[in-house]
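A structural walkthrough
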Amino acid sequence: MKVAIFEGKEQIVIKDGVKPEIKSDEVLIQVKKVAICGSDVGSYESGGPYLPGKIIGHEFSGILVEIGEDVKKLKEGMKVTVNPQIPCYECYYCLHDQENMCKLQNFAYGTTENGAMREFINVKAERIHVLPDNVTYEEGATVEPLSVAVYAVQQSGFQLGQNAAVIGAGPIGLMIIQVLRSAGANKIYVLEPVESKQKIAMDLGADKAFLPKAWNKIVRLTDRLGPDHVYDCVGLSSTFTTALQLIKKGGNITLIGLHASTIEVNNILLMTTNNISVRGVYGYNQDIYKTAINLYAQKKIRVDPMITNRIRLEQVPEIFKVLGNPPHDELKVIVDFE
Ligand SMILES: [Zn+2]
Ligand SMILES: [Zn+2]
């Protein structure tokens, strides 16, 4: 069995691994599809926070092929995806259904535990989500990023009929556009430098897409008020500054893509003078995961236009060289095990 291992900065290697054994509370999944995440690329570029030596892959789907003796309700042959977080189940946040804020926040399959870029993976049964028949393996493998988008929109307080701007039409931005559409957005505007991504954003429900420097056009199109919500899916000094300039007075900025620990903001005074709320969001919980699966089952979300590459496991090191060198046209990359 071949496996893809993160070995540190700019090092993803294919090695031989062994088929895992399951514990009594675990199941064995035969992996069908694994999607590559922006956070996989982030760790590849910077060397962390993923642990070196671990098999990558936290966005995946597959079929149950072995069930631990203590596991109830799950059967061999079920089509499944996995919520990759591994919470402690004991801390204040876990006890309040906020496992995305667990003290073990970064513990997950594919980051601190071995992930799914291999033929078989063992996971705790409690992390399994069964997929309805009409949800594909590719949709199943992208429930995780969709959950990030669902949680972001839910936490932002978005309301039916409001206008929104999405900064960055990468996979998360494109998911947010579709979640906003299904949540009853009036107009959705996008700021994105890559033309091919602008087009996909429009195809997936955005009303208009502009180059980032043309943010002022969005203000003009919203009665010179600005959108009620801005979703920053990039997280740079420049995008946060744009969000502050763009947002309606009293509006809400939601930060999703923030990876930098320091950003410089020129016009921070606007936050007080314009009564702007800024909030960060991270991850999801089990209920959000179910909502994301339901959105796929109801055909509210399309992932197909976002998938730019379908590759084999052997091609994974090569694709990281492309993904780690932006700007590029690649969006969602699926590693195919079928
Ligand atoms: Zn992810
Ligand atoms: Zn916890």
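If you're wondering where the values come from, they're calculated on a predicted model, not measured in any experiment. (Residues numbered from 1 in each chain as written. Chains lettered and ligands numbered in written order. Predicted model: local features only at pLDDT ≥ 70, side-chain atom pairs only at ≥ 80, totals over all residues.)

1. What to know about the sheet that holds strand E1 (residues 2–8)
Sheet architecture is open: 3 strands sit in the order E2-E1-E4, paired in antiparallel fashion. Here the strands that pair on one side only, and so sit at the sheet edges, are strand E2 (11–16) and strand E4 (54–55). Pairing geometry for E1 and E2, over 6 bridges, is antiparallel. Considered in E2, the bridge of Val3 is made with Lys15. Helix H11 (residues 316–323) contacts E1 and E2 of the sheet and is inclined by roughly 170° relative to E2. (Pairing = 2+ DSSP bridges. Helix = DSSP H or I, 4+ residues; strand = E, 2+ residues; numbered from the N terminus. Contact = placed C-beta atoms within 7 Å. Axes fitted to C-alpha atoms, helices over the stretch in contact; angles between N-to-C directions.)

2. Considering the domain arrangement of the protein chain
For the protein chain, the domain assignment lists domain 1 (2–142 + 303–336) and domain 2 (149–280). Between domain 1 and domain 2, the C-alpha centre-to-centre distance is 28 Å. Here the side of domain 1 that touches domain 2 is composed, by residue class, of 4 nonpolar, 2 polar and 2 charged. (Domains from an automatic or database assignment. Nonpolar A, V, L, I, M, F, W, Y, C, P; charged D, E, K, R; others polar.)

3. What about the packing of helix H4 (residues 143–156) against helix H5 (residues 171–182)?
As a packed pair, H4 and H5 sit with axes 8 Å apart at the nearest point and diverge in direction by 55°. Relative to H5, H4 is oriented oblique. The handedness of the crossing between H4 and H5 comes out as right-handed. Taking contact as the criterion, the partners of Pro145, Leu146, Val148, Ala149, Val150, Ala152 and Val153 in H4 are, on H5, Pro171, Ile172, Met175, Ile176, Val179 and Leu180. A breakdown of the residues in the contact of H4 with H5 according to their chemical character gives 13 nonpolar, no polar and no charged. (Parallel < 35°, antiparallel > 145°, perpendicular 65-115°, else oblique. Left-handed = near helix turned anticlockwise from the far one by under 90°.)

4. Observations regarding unusual backbone geometry
Note that the residue after Gly48, namely Pro49, is joined by a cis bond; omega there is 5°. By the secondary structure assignment, Pro49 is in the loop between helix H1 (38–46) and E4. The omega torsion of the bond from Pro326 to Pro327 falls at 0°, within 30 degrees of zero and hence cis. In this fold, Pro327 is placed in the loop between H11 and strand E16 (332–336). Within the chain, Arg224 stands out as a residue other than glycine whose phi angle is a positive 60°. Positionally, Arg224 belongs in the loop between helix H7 (216–221) and strand E12 (229–232).

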